[in-house]
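Summary of the model geometry
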Amino acid sequence: MSTPKEQQIRVLLCTDASIIATPLKRALLGNTAITVHKEVPDTVSAVTAVRKRDTDTVLLDIGIGKSAVHTAITRLKRADPNVNIVMLGSLSFANVRTSMQGLMDGAADYVPTPTRHATGIDQRTFKESLDRVLRALGRRDAKTVAPTPPPEATPTISKVTPKILLIGSSTGGPQAVTDLLAGLGNDFNLPILITQHMPVGFTSIFAKNLSRQLERHVQEGSEAHDLQPGDILIAPGGIHMQVQAEGQSTHVHLFDGPKINYCKPSVDPLFESAAAIYGAAVLAVVLTGMGHDGRDGAGAVVRAGGTVLAQDKATSVVWGMPGAVTEAGFAAEVLPIKDIAPRVLSLTNGRSEAPIQPRHRGERQPHDDDQRQAGAGKIRKRIMPRAHHQ
């Protein structure tokens, strides 16, 4: 069944390289939900085209180089703030660096293209990935939304001062995470653990770029890393990250298990493990992203008495993850991205006043009420083997 023309996703192709154009057109051929309504050979023409505000997504070939991609994304978003940009290119080291910066500049996603000698499986994977991303981003008219209505029942804000900040994100996440961390400032002293859906190789560059932009040390989480006030840790691409308590300290645990919610790393193991240790002292934030990863983890945080904030639909690139959390009734507040950092600061007094003292199973926190403690015992935990790394 074909999609009516007025509902088709309108795509602009920006590439002059046949190595990308050929598999790209092959991937889009026959997809009735998507129409290629413009093709341009360079970014100058692309900027001119999007000024008409009738393009939903620009497919941008990043083979033009890092500085050119940065300039192109900046100019495209200036010409049409609501247009989505999806970068395309091979998984070379240079392209990974370029695409990572592009994601932080405001591109929605990056889809690796098959090589010249790609197999049929590679071509099919590319087609499926591109289709999934374009459908999730949708049409631009869906961006004009009313304020997110609150669910019928919302959890309250925890009365316990947070001792850890968790962030989960996916499509559109790099820019949202950057904006959130920048808004917290350099004096924010809680440990921050982030799961951003990214493949191997991307998260280390993401951490380095954040370090440079924020002028704070950001790094990938590593096995047995003891959490300290002020830590900013990102789950490494291709592996899950959670926290574990040992004695009076809490450390990072990485495990190479199967995908969870089709994701690796997944947000749920991080949220669930932190809820089991910190209980009502968890503050979790779910930002823009496809799918529903983080929903179950947010439920664990709420049952433990912690607080969950979700990004609103109007400012999300894709309101999948935060939407799932909100619709499940786990979000205490649903906020535009610009308001999340100030809200986090108001809930944490801007910094951690004391060393982290994780809660161990069965231990009562002085400010927890009985109802919160009863909820904490209902947390569903994932028991994972300790990872072994060379």
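Our structure is the block above this text.
Report follows, based on the coordinates. Predicted, not measured: the structure shown is a model, and the values here were computed from it. (Residues numbered from 1 in each chain as written. Predicted model: local features only at pLDDT ≥ 70, side-chain atom pairs only at ≥ 80, totals over all residues. Heavy atoms only, no water.)

Looking now at the overall build of the chain. Tallying secondary structure elements over the chain gives 12 helices and 14 strands in all. Per-residue burial for the chain yields a buried fraction of 56% across its 390 residues. Total accessible area computed for the chain in this model is approximately 17300 Å², and 51% of it derives from carbon and sulfur atoms. (Helix = DSSP H or I, 4+ residues; strand = E, 2+ residues; numbered from the N terminus. Buried < 20%, exposed > 50% of the residue type's maximum accessible area, 1.4 Å probe, protein only. Areas by Shrake-Rupley, 256 points an atom, 1.4 Å probe, with all protein chains shown as cover.)

Let us now look at the side chain of Ser169. Position of Ser169 relative to the elements: it lies in strand S6 (residues 164-169). A polar contact is formed between the side chain of Ser169 and the side chain of Gln196, at a distance of 2.5 Å. The contacts of Ser169, once residues within four sequence positions are left out, are Val177, Thr195, Gln196, His197, Val267, Leu287, Thr288 and Met321. (Polar contact = N/O pair within 3.5 Å; in protein donor to acceptor, adjacent residues only side chain to side chain. Contact = heavy atoms within 4.5 Å.)

What follows deals with the layout of surface pockets. Within this model, the largest pocket holds a volume of roughly 1200 Å³. Along its surface, the largest pocket is lined by 37 residues, and Asp109, Tyr110, Ser129, Arg132 and Pro199 are the ones closest to its centre. Elements with a minimum of two residues in the lining of the largest pocket: strand S5 (109-112) and helix H5 (120-137). If you tally residues by element for the lining of the largest pocket, the top one is H5, at 7 residues. Residues belonging to the lining of the largest pocket are distributed by class as follows: 17 nonpolar, 13 polar and 7 charged. (1 Å grid on protein atoms, 1.4 Å probe; cavity = no way out; pocket = protein on both sides within 12 Å on 5 of 7 lines; lining within 4 Å. Points joined across faces, edges and corners; volume = space filled by probe spheres on them. Nonpolar A, V, L, I, M, F, W, Y, C, P; charged D, E, K, R; others polar.)

Our next topic: the pattern of salt bridges. Going through the model one piece at a time under the given rule, you end up with 10 salt bridges. For Glu333, the salt bridge is made with Arg343, and the minimal N-O distance between the two is 2.8 Å. With Glu333 in strand S14 (residues 333-335) and Arg343 in helix H11 (residues 337-348), the pair connects residues that are 10 residues apart, well separated along the chain. Taking relative accessible area as the criterion, Arg343 reaches 24% and is therefore assigned partly exposed. Asp339 is the salt-bridge partner of Lys338, the closest N and O atoms lying 3.1 Å from each other. You can call Lys338 exposed: its relative accessible area is 63%. (Salt bridge = Lys/Arg side-chain N within 4 Å of Asp/Glu carboxyl O.)

This part covers the packing of aromatic side chains. Evaluated as defined, the whole model comprises 1 aromatic pair. Taking 5.7 Å as the distance between ring centres and 40 degrees as the angle between the ring planes, the aromatic pair formed by Tyr110 and Phe202 counts as tilted. Of this pair, Tyr110 sits in strand S5 while Phe202 sits in helix H7 (residues 202-214); the two residues are 92 residues apart in sequence, bridging distant segments of the chain. (Phe/Tyr/Trp six-rings, centres within 6.5 Å; stacked < 30°, edge-to-face > 60°.)

Let's shift gears to the environment of Ala46. As for its placement among the helices and strands, Ala46 is situated in helix H2 (residues 43-50). Apart from the residues lying within four places of it in its own chain, the contact partners of Ala46 are Leu12, Cys14, Val40 and Leu76.

Helix length check: helix H4 (residues 93-105) (13 residues) gives 19 Å between terminal C-alpha atoms against 18 Å at 1.5 Å per residue, within 8%. Most of H4 is tucked away, with 10 of its 13 residues classed as buried. Within H4 the residues assigned to the buried category are Asn95, Val96, Thr98, Ser99, Met100, Gln101, Gly102, Leu103, Met104 and Asp105. Close packing links the buried residues of H4 with helix H3 (66-79), strand S4 (84-89), S5, helix H6 (173-184) and H7. Remark: Gly106 follows H4 within two positions and exhibits a positive phi of approximately 130 degrees. (Expected span 1.5 Å × (residues − 1).)

With that settled, consider the pairing of S4. Counting buried positions along S4 yields 6 of 6 residues, so the element is predominantly enclosed. Residue alternation in S4 divides its side chains into two sets, Asn84, Val86 and Leu88 and Ile85, Met87 and Gly89, and both sets are buried. Bridge count for strand S3 (residues 57-61) against S4 is 5 bridges, and the pairing is parallel. Pairing of Val58 across the sheet is with Ile85, part of S4. What joins S3 to S4 is H3, and the crossover it makes is right-handed. Note that S4 and S5 share 4 bridges and pair parallel. Residue pairing across strands places Val86 opposite Asp109, the latter belonging to S5. For the segment spanning S4, H4 and S5, crossover handedness is right-handed. (Pairing = 2+ DSSP bridges. Right-handed = clockwise from strand over helix to strand, strands pointing away.)

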